[in-house]
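# Coordinate inspection notes
Here are the chains, one letter per residue:
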Amino acid sequence: MQGLMVLYLVSFVLGILIVARVWRANTLDGVLTLFLPFYVFYALYKYWGDADHDIRWPLLAQIIVSAILLWNVYHIAPTLIDPHLAAVQSQGAEDGDQADEDNSATRPVRSSAAAQGKTLPGSATMQGKVPAQASEAEPPPRPATAAELNDLAAHVLFLRGRFVREAIGMRLDIPRGQHLLAGTDARNTDTALRGEVDAHLIGWMIAVDRTITDPNLRIVRLRWRHDGLVAGDAADPAALLDIAHAHSPAPRLAGSGGTLVRYDVAPEREGSTIIWSEERQPEGAATSAHDCHALRLARKGVLEFSIVGVDANAATACTTELRALVATVRFDPESDYPAQIQGEHLAPYSLSGMVTQTQ
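Residues numbered from 1 in each chain as written. Predicted model: local features only at pLDDT ≥ 70, side-chain atom pairs only at ≥ 80, totals over all residues. Heavy atoms only, no water.

## Considering the pattern of salt bridges
Our working definition: A pairing counts as a salt bridge when a side-chain nitrogen of Lys or Arg comes within 4 Å of a carboxyl oxygen of Asp or Glu. Under the DSSP-based scheme used, a helix requires at least four consecutive residues in state H or I and a strand at least two consecutive residues in state E, with every element numbered from the N terminus. Three labels apply to residues, based on accessible area from a 1.4 Å probe with only protein chains included: buried if under 20% of the type maximum, exposed if over 50%, partly exposed otherwise in between.
A complete count under the given rule lists 19 salt bridges for this structure. We note a salt bridge from Asp29 to Lys46, for which the minimum N-O separation is 2.7 Å. On the criterion of sequence distance, the pair formed by Asp29 in helix H2 (residues 27–35) and Lys46 in helix H3 (residues 39–46) is long-range, its members being 17 residues apart. As a salt-bridge pair, Arg171 and Asp332 come within 3.0 Å of each other at their nearest N and O atoms. Placement of the pair is Arg171 in strand S4 (residues 170–173) and Asp332 in the loop between strand S12 (330–331) and helix H11 (351–356), with a sequence separation of 161 residues. A residue is classified by how much of its surface remains accessible, and Arg171, at 27% relative accessible area, is partly exposed. Connected through shared salt-bridge partners, Asp190, Arg194, Glu196 and Arg221 make up one network.

Here it is as structure tokens:
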């Protein structure tokens, strides 16, 4: 901001110098140069080579300064001309803070509730950032009422294009036909619908023709577990089922909960990606549910994509959808899954343990 002010000041001073030199030669020319934008080029031609009134050098300097100024405004400081983009960058800063907490984004189409100071049901925005006394006084999270959900829908910030999380060195392309909530907006919306806080949630994606008030939303949840490098490989499907049935559950992924029944699409690893869908029997439910998962391994954790609660017919197609989505993920070289894992900080569970969600 200070650099832009300096450039504005230099351009203004050069403009005054140009007008002053022309004014001394002819008052009318000076007035016209001051008030008519392109008259300066006539003055340039008229007084070219005049030692006392030539303006070619200050005019050239002003053009250069103006070009630098415009380049900075449109490339270095776009928030000065797009206040909505400022909200996106503010959202990204909040995401970075959340990534640090877990260790213990495009373009906008609506304004942010957080930017407007809205208090939302079950909001986790300030969790971990307030004194313990204040946290104890906060009510537990709960599903939003219809009125609260409508208010939230009117203010959350959806993104299109590209979602970037600089804190973990990741970027992905949001598919055409989809839009995404990031950071605080994603967590507030997820909490408002489910009545539970997901501290690992970093993104929440739905179809562009849907809003958060629509029933039966098909949601792709993006979650980041900052537990360290997940080593090992996933066992074969039969062995994974045996592991899931023989060990105590340790839920780590978004899902329907309950007991793992079978795999609709068996877990398959391709490099740093593993994708599958599974049938689960939630506790107390009369029917089973199907969940789709894709994991993108990284140096310091795992990026998860999950679609929870699809029907049996969609249990195969959803893995195709997640495969296309995870293929667009890019991590910075220093954050990507390494070829050699010696010396890396390892997660307290293996890849098989994460897939089966066991101890």
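So, next bit.
## Re a nonpolar patch on the surface
Quick reminder of the rule: Patch rule: a residue counts if its relative accessible area is over 30% and it has no salt bridge; like charges are joined within 9 Å, and nonpolar side chains (Val, Leu, Ile, Met, Phe, Trp, Tyr) within 5 Å. All accessible areas in this document rest on Shrake-Rupley with a 1.4 Å probe, and a residue is counted as covered only by the protein chains that are shown.
A surface patch of nonpolar side chains, about 420 Å² in accessible area, is lined by Leu9, Phe12, Val13 and Ile16. Inspection of the secondary structure assignment puts Val13 in helix H1 (residues 2–25). Accessibility expressed as a relative area gives 48% for Val13, which makes it partly exposed.

## Some points on H3
This is how it is decided: Working definition: the arc comes from the directions between the helix axis and the C-beta atoms, pointing outward to the latter.
Taken as a whole, H3 has its buried residues at Tyr39, Val40, Ala43 and Leu44. What you see down the axis of H3 is that its buried residues fit within an arc of 150 degrees, all on one side.

## Re the nonpolar core
Our working definition: To define a nonpolar core, start from buried Ala, Val, Leu, Ile, Met, Phe, Trp, Tyr and Cys residues and group those joined through side-chain atoms within 4.5 Å.
If you look at the biggest cluster of nonpolar residues, it comprises 29 residues, and the most contacted ones within it are Phe163, Met170, Leu172 and Phe305. Taken together, the elements giving at least two residues each to this core come down to S4, strand S5 (178–182), strand S6 (201–207), strand S7 (220–225), strand S10 (289–297), strand S11 (302–310) and helix H10 (317–326). Counting residues in hydrophobic clusters, the runner-up holds 21 residues, among them Leu260, Ile274, Tyr349 and Met354.

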